[in-house]
Amino acid sequence: TTLFRSELKSLNLMFSMQDIVKLIGPNTASYIEMSDTLGTLEVGKFADIVMLDGDPLEGYWNMLRTRVVIKGGTVVADKR
């Protein structure tokens, strides 16, 4: 978590939170040429979902407030 916090803090110096969210999702899928199966929540695509306790667009620190993680259709973390 400390490493991820440092990376987010550094990225936030150069990019808006909207840009960071795009970098993590759709742009990464496009970069690895998998946007047809990854990167957005759509029917027919694979998705791992992270639910946060806060709006990530209000600040990078909200990206660290993970409440629920769903990976491969299974809840793997639940802090509700």
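A tally of regular secondary structure across the protein gives 3 helices and 3 strands. Mapped from its N terminus to its C terminus, the protein presents α and β elements in the order α-α-α-β-β-β. Dimensions along the principal axes, computed over C-alpha positions, put the protein at roughly 35 × 30 × 20 Å. Buried positions account for 18% of the 80 residues belonging to the protein. Partitioning the contacts of the protein with sequence separation of at least 6, the portion at a separation of at least 24 is 26%. Put simply, the protein shows about 6100 Å² of open surface, and 57% of that area lies on carbon and sulfur atoms. Of the charged side chains in the protein, 9 are positive and 10 negative, and the gap between their average positions amounts to 8 Å.

Glancing now at the nonpolar core. Leu 8, Met 17, Ile 20, Tyr 60, Met 63 and Leu 64 together form the largest nonpolar core, which totals 6 residues. The contacts of Ile 20, once residues within four sequence positions are left out, are Leu 8, Leu 11, Asn 12 and Phe 15.

Approximately 760 Å³ is the volume attributed to the largest pocket. If you go around the largest pocket, you meet 22 residues; those closest to its centre are Ile 24, Gly 25, Asp 48, Ile 49 and Val 50. Contributing elements (two or more residues each) for the lining of the largest pocket: helix H2 (17-24), helix H3 (26-31), strand E1 (49-52) and strand E2 (66-71). Within the lining of the largest pocket, the residues separate by chemical class into 16 nonpolar, 5 polar and 1 charged.

What counts and how
- Residues numbered from 1 in each chain as written.
- Predicted model: local features only at pLDDT ≥ 70, side-chain atom pairs only at ≥ 80, totals over all residues.
- Heavy atoms only, no water.
- Helix = DSSP H or I, 4+ residues; strand = E, 2+ residues; numbered from the N terminus.
- Buried < 20%, exposed > 50% of the residue type's maximum accessible area, 1.4 Å probe, protein only.
- Contact = heavy atoms within 4.5 Å.
- Areas by Shrake-Rupley, 256 points an atom, 1.4 Å probe, with all protein chains shown as cover.
- Lys, Arg positive; Asp, Glu negative; His and termini not counted.
- Charge placed at Lys NZ, Arg CZ, Asp CG, Glu CD.
- Core = buried A, V, L, I, M, F, W, Y, C linked by side-chain atoms within 4.5 Å.
- 1 Å grid on protein atoms, 1.4 Å probe; cavity = no way out; pocket = protein on both sides within 12 Å on 5 of 7 lines; lining within 4 Å.
- Points joined across faces, edges and corners; volume = space filled by probe spheres on them.
- Nonpolar A, V, L, I, M, F, W, Y, C, P; charged D, E, K, R; others polar.

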